[in-house]
Amino acid sequence: MTEESPKPAEQPAESSQTPAGRPAGQPAEPKQPAQTPAPQPRKFVMPGDVYIRPGIDDRPDPDKVLSAEDKAAIARLAVHMPQQKNETSLSQADLQATRMATEGTPAVAAATIDAAVPDPESAYMDMRDPMVAADGTRPGKTDVLRLKIGFVVAALMCSVPWAAATGILLPELLARMNGGLPAFADLCLLNALGAIVAFFSQNFFAAASDDTRSRFGRRTIWIIAGGLLTGLVMWWMSALGGDAIHLAPHFVMIVWLVAQLCYGLMLGPLVSAMSDRMPDKFRPSADAWYGTALAVGQMLGGFAGALFVANLPKGFTWGAAVLALAGIVTVAVWPREKSSLEMRLPGNTMDDAFASLRLGQMAPGFRRVFWSRMFMMASVASITMVAFYLVKYGVYAMFSLSGVFTSMPASVPSAMLVAWMGLIAMIVSLLAAWLSGPISDRFGAWGPSLAAAGCVALGALMPILMPATALGLLLFSAFSGFGFGLFNAVGQELATAVLTDPRDAGRALGTLNLASTLGVVLAAVVTGIATTVGGWAWLFAGSIVMAAAAAGFVASVRGVIADR
C-alpha cells in the first residue's frame, strides 16, 4: 500500500461579491485608521494618578473633531443673545472678603441681586458635592445653623464697639485734646491712615492664616488672638481717655492704628472662614445673615457711642471687653474647626494676597468702574467721617459759612442725632438692597448705578439748602444712604459686566476693596481742605463734585457693556 500524498488545500470558489459585500471589480475602500479608545476612569485612584471624569475630561474637542464645513454650518445657526445676569454661584475667599469686610457697605451682602460671579473653584462647576465644605467636612443642618449664628455674633460684637469708637468716641477724644474745638485735621488723618492699615492688615493676615497648620484649624487661633489683642489695645485707649488733654494727638493716633492692625488680625481670617467652612449650597444665605448683622451693628454702634460719650474711659473699656470676647464667643458658637495638620494648604504668597493692587492689568472698562466706586465712596465718607463735628459744632452751635466755630455744646444730644442719622441710613440702604434685584432685572446695572450717584449728590445738596439744621443732615442720610446702598448692590454686577475674562472676577472684585480704601483717603484729603479754607457749604459742595465724577465714570462704561 502506497502512502497517499496530502491533498492540496481547496481554494474557495470565486464569488461575485467580496467578503465585505463589495461587488467584484470595484476598487477597495481606503482602510479606516483604528480609533484610539477613550481613556477609561480608574476604579481606584492612587496618589499621583490623574482621575478622568466620565463625560467631562473625555469629551472630544470640537475644534479637532468638526470639519471646517461643520463649523461654518454651526456658525450660521448662531443667534446673538443679550447678555444675562450671571446665574447663582458662590464666591471665592477674596470675593467674600470684599462683600463682607468693605467698610460702609454692609447692606451689599443683604441685597437680593446675585452680585457674585461664576467661581471656577465652586462645587457647582464640576462633580463635587455642593453640600460639602471646602475643608472636606459635611456640616449637618444644626452645624450650618451654628455657623450662621456665629457669623452674626461676630458681626455684632465687632461692629458695635468699633462703630461707636470711630464715629463718636474718637472724635470727642480728639476734640477734648484740641481744647474743645473740632479737630478736623487730626480726625481726617486718622481716618486715612486707618483705612490703609485696615486694607493691608486684613489681606496680610487672611493670607497668613491660609497656610497655618494647627490641630485647632487654620482660622481659630488667629480669630481668638486678634480679638484678645484688639481688646487689649482698646483698653489702653480707655486709660488714655481720662488724661487725654495732657497727651499729644499723634500718640493717640499711633495707639489707635495698632488697634486697627489687631482688628485686621481678627477680621481677615474671620471672613476667610466663610469660604472654608460653609458649603456652597448655604453660602449665599450665610453671607446675607452676616451683611444684615453688620448693618444693624453699625447702627447700634451710634447709639452705644451716644451712651458713653460723656464718659470716654467707660466707653472704651466697654468696647475693649466686647472685642476681647468677640473671637472667643464666635469660635465657641461654631462647630469645632477641622485640624489642618494633614490638610493640603494652598501655599499662598504675599504677591497673591495683594494681587488686587495691580490695577493696570485689568480691563479698561473695569478701571472706569473702579474710579467710579472710589469717587462714590469719597463723596459719602467726606461727610460721614466728620458727622459728629458737623452736628456738635453746627446744629447745636453757631456755625458760620466762613468755618468759624463758636461755643462748645453738649456732646450727648449731638451723638444722639448722629445715631439717628445712622438709623435712617441703615433702613434706606437695606431698602435699596432689597429693591436692587427687581431694579437690576428691569434696567440692568448701568442705569441704577448712574441714578444712585445722582441720589448721593442730591443728598449732599440738602445741607446746603438747609445749613446748620438737623433736617438737612437727616435728609442727607436718607438720600445718600439709599443711593450708596443701591450703588453698592448693583456695583459688583456692573464690574463683572465689563470683565473680558470671568476667571479674573476674584481679583477684580478684590480690587473694589482697594477702591473703597482709596475713597476714604481721598475723602480725608477733601474734608481737610474744605474745613480749612471754607466751611459747611464747601464741604458738601466737594461731596457733590465727587458724586458727579462717579456718575461720569459710570456713564462712560455704557459703551463697553454695549460692545460686549
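Residues numbered from 1 in each chain as written. Predicted model: local features only at pLDDT ≥ 70, side-chain atom pairs only at ≥ 80, totals over all residues. Heavy atoms only, no water.

Here we look at the overall build of the protein
- Each helix and strand counted, the protein has 17 helices and zero strands in total.
- Counting over 564 residues, the protein shows a buried share of 49%.
- Within the protein, contacts between residues at least 6 apart in sequence are counted, and of these 83% link residues at least 24 apart.
- For the protein, the exposed area adds up to about 27000 Å²; of that, 64% sits on carbon and sulfur atoms. (Helix = DSSP H or I, 4+ residues; strand = E, 2+ residues; numbered from the N terminus. Buried < 20%, exposed > 50% of the residue type's maximum accessible area, 1.4 Å probe, protein only. Contact = heavy atoms within 4.5 Å. Areas by Shrake-Rupley, 256 points an atom, 1.4 Å probe, with all protein chains shown as cover.)

With respect to the packing of aromatic side chains
- Summed over the entire model, instances satisfying the criterion amount to 16 aromatic pairs.
- On the basis of an interplanar angle of 25 degrees and a centroid distance of 4.7 Å, the ring pair of Trp-162 and Trp-256 is categorised as stacked. Remark: Trp-256 occurs in helix H7 (residues 249–277) and Trp-162 occurs in helix H4 (residues 141–177); sequence separation between them is 94 residues.
- For the ring pair Trp-162 and Tyr-263, a centre distance of 4.1 Å and an interplane angle of 5 degrees mean the geometry is stacked. (Phe/Tyr/Trp six-rings, centres within 6.5 Å; stacked < 30°, edge-to-face > 60°.)

Some thoughts on helix H13 (residues 411–443)
- Helix length check: H13, at 33 residues, gives a terminal C-alpha distance of 45 Å against a target of 48 Å (1.5 Å per residue), a fit within 8%.
- Along its length, H13 shows its largest kink, about 40 degrees, at Ser-436, and proline Pro-438 lies within four residues downstream of that point.
- Immediately downstream of H13, the backbone of Gly-444 shows phi near 80 degrees, a positive value. (Expected span 1.5 Å × (residues − 1). Bend = angle between axes of the 7 residues up to and from the residue.)

A short note on H4
- Given a rise of 1.5 Å per residue, 37 residues ought to cover 54 Å, and the 53 Å separating the end C-alpha atoms of H4 matches this to within 8%.
- At Ala-165, H4 shows its largest bend, some 45 degrees.
- Across the 37 residues of H4, 26 count as buried, placing the element largely inside the fold.
- Downstream of H4 by one or two residues, Gly-179 has phi in the positive range, about 75 degrees.

Quick word on the side chain of Ser-480
- Within the fold, Ser-480 resides in helix H15 (residues 470–497).
- The class for Ser-480 is buried, based on a relative accessible area of 4%.
- Once residues within four sequence positions are removed from consideration, Ser-480 is found in contact with Cys-455, Val-456 and Gly-459.

Observations regarding the environment of Val-557
- Within the secondary structure layout, Val-557 lies in helix H17 (residues 536–563).
- For Val-557, a relative accessible area of 0% corresponds to the buried category.
- In the structure, Val-557 is positioned 63 residues away from Leu-494 in sequence and 8.8 Å away in space, judged by C-alpha atoms.
- In this view, Val-557 contacts Gly-365, Arg-368, Val-369, Trp-446, Leu-494 and Val-498; residues no more than four positions away in its chain are not counted.

Section: the packing of helix H11 (residues 364–384) against H15
- Following both chains from N to C, one finds H11 and H15 inclined at 160 degrees, their axes separated by 11 Å at the closest point. With respect to their mutual orientation, H11 and H15 come out roughly antiparallel. Between H11 and H15 lies a crossing of left-handed hand. Along the contact surface, H11 presents Phe-366, Val-369, Ser-372, Arg-373, Met-376, Met-377, Val-380 and Ile-383, while H15 presents Phe-476, Phe-484, Phe-487, Asn-488, Gly-491, Leu-494 and Ala-495.
- A class-by-class count of the residues in the contact of H11 with H15 yields eleven nonpolar, three polar and one charged. (Axes fitted to C-alpha atoms, helices over the stretch in contact; angles between N-to-C directions. Parallel < 35°, antiparallel > 145°, perpendicular 65-115°, else oblique. Left-handed = near helix turned anticlockwise from the far one by under 90°. Nonpolar A, V, L, I, M, F, W, Y, C, P; charged D, E, K, R; others polar.)

Re the nonpolar core
- With 116 residues, the main nonpolar core has Met-237, Trp-256, Phe-316 and Tyr-389 as its most contacted residues.
- Considering every element that reaches this core, the biggest residue donor is H4, with 17 residues.
- With sequence-adjacent residues up to four places away left out, Phe-316 is seen in contact with Ala-165, Leu-169, Leu-170, Leu-173, Met-234, Met-237 and Ser-238. (Core = buried A, V, L, I, M, F, W, Y, C linked by side-chain atoms within 4.5 Å.)

Quick look at the pattern of salt bridges
- All chains considered together, the criterion is met by two salt bridges.
- In this structure, Arg-176 and Glu-172 form a salt bridge, with 3.1 Å as the shortest nitrogen-oxygen distance. Of the two residues, Arg-176 and Glu-172 both sit in helix H4, four residues apart, roughly one turn of that helix.
- Taking relative accessible area as the criterion, Arg-176 reaches 30% and is therefore assigned partly exposed.
- The exposure class assigned to Glu-172 is buried, which follows from its relative accessible area of 2%.
- Here Glu-172 makes a salt bridge to Lys-392, at a shortest N to O gap of 2.8 Å. Placement of the pair is Glu-172 in helix H4 and Lys-392 in helix H12 (residues 387–395), with a sequence separation of 220 residues.
- Under the relative-accessibility criterion, Lys-392 is labelled buried at 0%. (Salt bridge = Lys/Arg side-chain N within 4 Å of Asp/Glu carboxyl O.)

Structural notes on unusual backbone geometry
- The backbone phi angle of Ala-468 is positive, close to 55 degrees, even though this residue is not glycine.
- Looking at the secondary structure, you find Ala-468 in the loop between helix H14 (446–465) and H15.
- On the basis of relative accessibility, which here comes to 27%, the residue Ala-468 falls in the partly exposed class.

A look at a nonpolar patch on the surface
- Taken together, the side chains of Leu-229, Leu-232, Trp-235, Trp-236 and Phe-251 define a hydrophobic patch exposed on the protein surface, amounting to about 520 Å² of accessible area.
- Here Phe-251 is to be found in helix H7. (Patch = residues over 30% accessible without salt bridge, like charges linked within 9 Å, V, L, I, M, F, W, Y side chains within 5 Å.)

Let's talk about the confidence of the model for the protein
- Averaged over the protein, the pLDDT score is 76; the fraction of residues at 70 or greater is 71%.
- Taking the mean pLDDT of every element in the protein, the minimum, 38, falls on helix H3 (residues 93–101) and the maximum, 93, on helix H9 (residues 312–333).
- Across residues 80–121, confidence stays below pLDDT 50; counting only partners more than four residues off in sequence or on other chains, it has 118 contacts.
- In this model, residues 399–408 is a region of pLDDT below 50 whose contacts with residues beyond four sequence positions or in other chains number 26 contacts. (pLDDT = per-residue confidence, 0-100.)

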